[in-house]
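What follows is the residue order along each chain.
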Amino acid sequence: MLKIGIVGLPNVGKSTLFNALTRADVLVANYPFATIDPSVGIVTVPDERLDQLAALSKSEKTIPAVIEFVDIAGLVKGASEGEGLGNQFLTNIRETDAILHMVRFFEDADITHVHGDVDPVRDIEVINLELILADAQSVQKRREKLVRDVKQNLKEAVAEDAALAKIETVFAEGKLARTAGLSPEELLLIKSLNLLTLKPILYSLNGKSGSTVDDERREKAHALIESMGSKYVHVDAGTERELNDVSDEDQAMFREELGVEINGLTELIRGAYETLGLITFFTTGPKETRAWTIPEGATAPEAGAAIHNDFKDKFIRAEVVGCDKLIADGSWSAARDKGDIRTEGKTYVFQDGDVAVFLHS
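Residues numbered from 1 in each chain as written. Predicted model: local features only at pLDDT ≥ 70, side-chain atom pairs only at ≥ 80, totals over all residues. Heavy atoms only, no water.

A. Representation of the nonpolar core. Core analysis: the biggest nonpolar cluster contains 76 residues, and Leu17, Phe69 and Ile167 have the highest contact counts within it. In terms of residue count, the dominant contributor to this core is helix α4 (residues 120-151) (nine residues). Beyond its immediate chain neighbours, meaning those up to four positions away, Phe69 contacts Ile4, Ile6, Phe18, Leu21, Ser39, Val40, Gly41, Val43, Leu100 and Leu268. Counting residues in hydrophobic clusters, the runner-up holds 15 residues, among them Ala298, Ala303, Phe311 and Ala356. (Core = buried A, V, L, I, M, F, W, Y, C linked by side-chain atoms within 4.5 Å. Buried < 20%, exposed > 50% of the residue type's maximum accessible area, 1.4 Å probe, protein only. Helix = DSSP H or I, 4+ residues; strand = E, 2+ residues; numbered from the N terminus. Contact = heavy atoms within 4.5 Å.)

Structure follows, in structure tokens:
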């Protein structure tokens, strides 16, 4: 299961977003560290294709893909040295697959800002620096442990030390480890360090209708995020939280009245998939229709492994059809009669929306 940690400064809307995502009831308070223990919520991935396939197959069960979100207490300047709730929460972030960095994009005199004013670029840089400083400590400690093996010219130790040296170079420039240009082999060597600044980061820019930041601050924040090779999604966490209590049928009307036509939560989950390079494929039948999450570029045996490890090791072939084509055809048998179902081998690379049946020994 994917695990994403929601981080940011205090009072930027992390717990509100978490509540909106999970329909939970986490303490929301107008002071730093309202979240003392990280709250965990399982969020289903919205995908209308899943429901369409379930209807087509008259499935008894429909099982969506899910993401685990972790609401982590607000970080502050000095967190890497134990300020605020410091290292405890940096540890919680290390356990996630990706980081959702919540950035305050709204003005509200009733909600205090730890730095006194709203400056998205500064806020992003504060959090980035704390992540860098925390990782720099881990890298330094690891290099110290490698000294003896490097002196003995042990091949793996020398290679790992060289990779860590590259990371220290970008840290000195105030950049994240993701910018160090490490090879897949180097990334494997340092994987056990679980560095925060190697994790994919998606930025959630939390605005409010009528009180969002001005164009200049908006453009500067966009430019900074893009320069780091990251993606951003605009969301109004407060409105999304309120809409949790509104029926699906009425939500469109309320969104139009509130001026929030796009579902920010759906966009956020899509952004998370894009950030992590993930796609969805489906299996469907009378008993169950299910969405499966796999990395973009996964071959047929690798996709099969999402269902069961045996599907990878004992893979023979897969019968595959695009979701849209299957729905248009009306049934699996009709798709077969029309020649839309393809037989694919081990080298086939799965595409988003594929529907598959795996054959294995």
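B. Representation of the environment of Ala306. Tracing the chain through its elements places Ala306 in the loop between α11 (300-305) and α12 (309-313). For Ala306, a relative accessible area of 34% puts it in the partly exposed group. As a C-alpha pair, Ala306 and Ile294 span twelve residues in sequence and 7.0 Å in three-dimensional space. Excluding residues within four positions of it along the chain, Ala306 makes contact with Phe281, Trp292, Thr293 and Ile294.

C. Structural view of the confidence of the model for the protein chain. Averaged over all residues, the pLDDT of the protein chain is 86; the fraction at 70 or higher stands at 89%. Counted against residues more than four places away or in other chains, residues 24-36, with its pLDDT under 50, gives 36 contacts. (pLDDT = per-residue confidence, 0-100.)

D. Spatial organisation of the packing of aromatic side chains. By the definition in use, this model includes seven aromatic pairs. For the pair Phe281 and Phe358, a centre-to-centre distance of 6.0 Å together with 70 degrees between the ring planes defines the contact as edge-to-face. Highlighted residues: Phe281 in strand β8 (residues 278-284) and Phe358 in strand β12 (residues 354-360), separated in sequence by 77 residues. Each of the two residues, Phe281 as well as Phe358, counts as buried. Judged by centre distance (5.9 Å) and plane angle (45 degrees), the rings of Phe311 and Phe358 are tilted. With Phe311 in helix α12 and Phe358 in strand β12, the pair connects residues that are 47 residues apart, well separated along the chain. Here Phe311 matches Phe358 in class, with each residue buried. (Phe/Tyr/Trp six-rings, centres within 6.5 Å; stacked < 30°, edge-to-face > 60°.)

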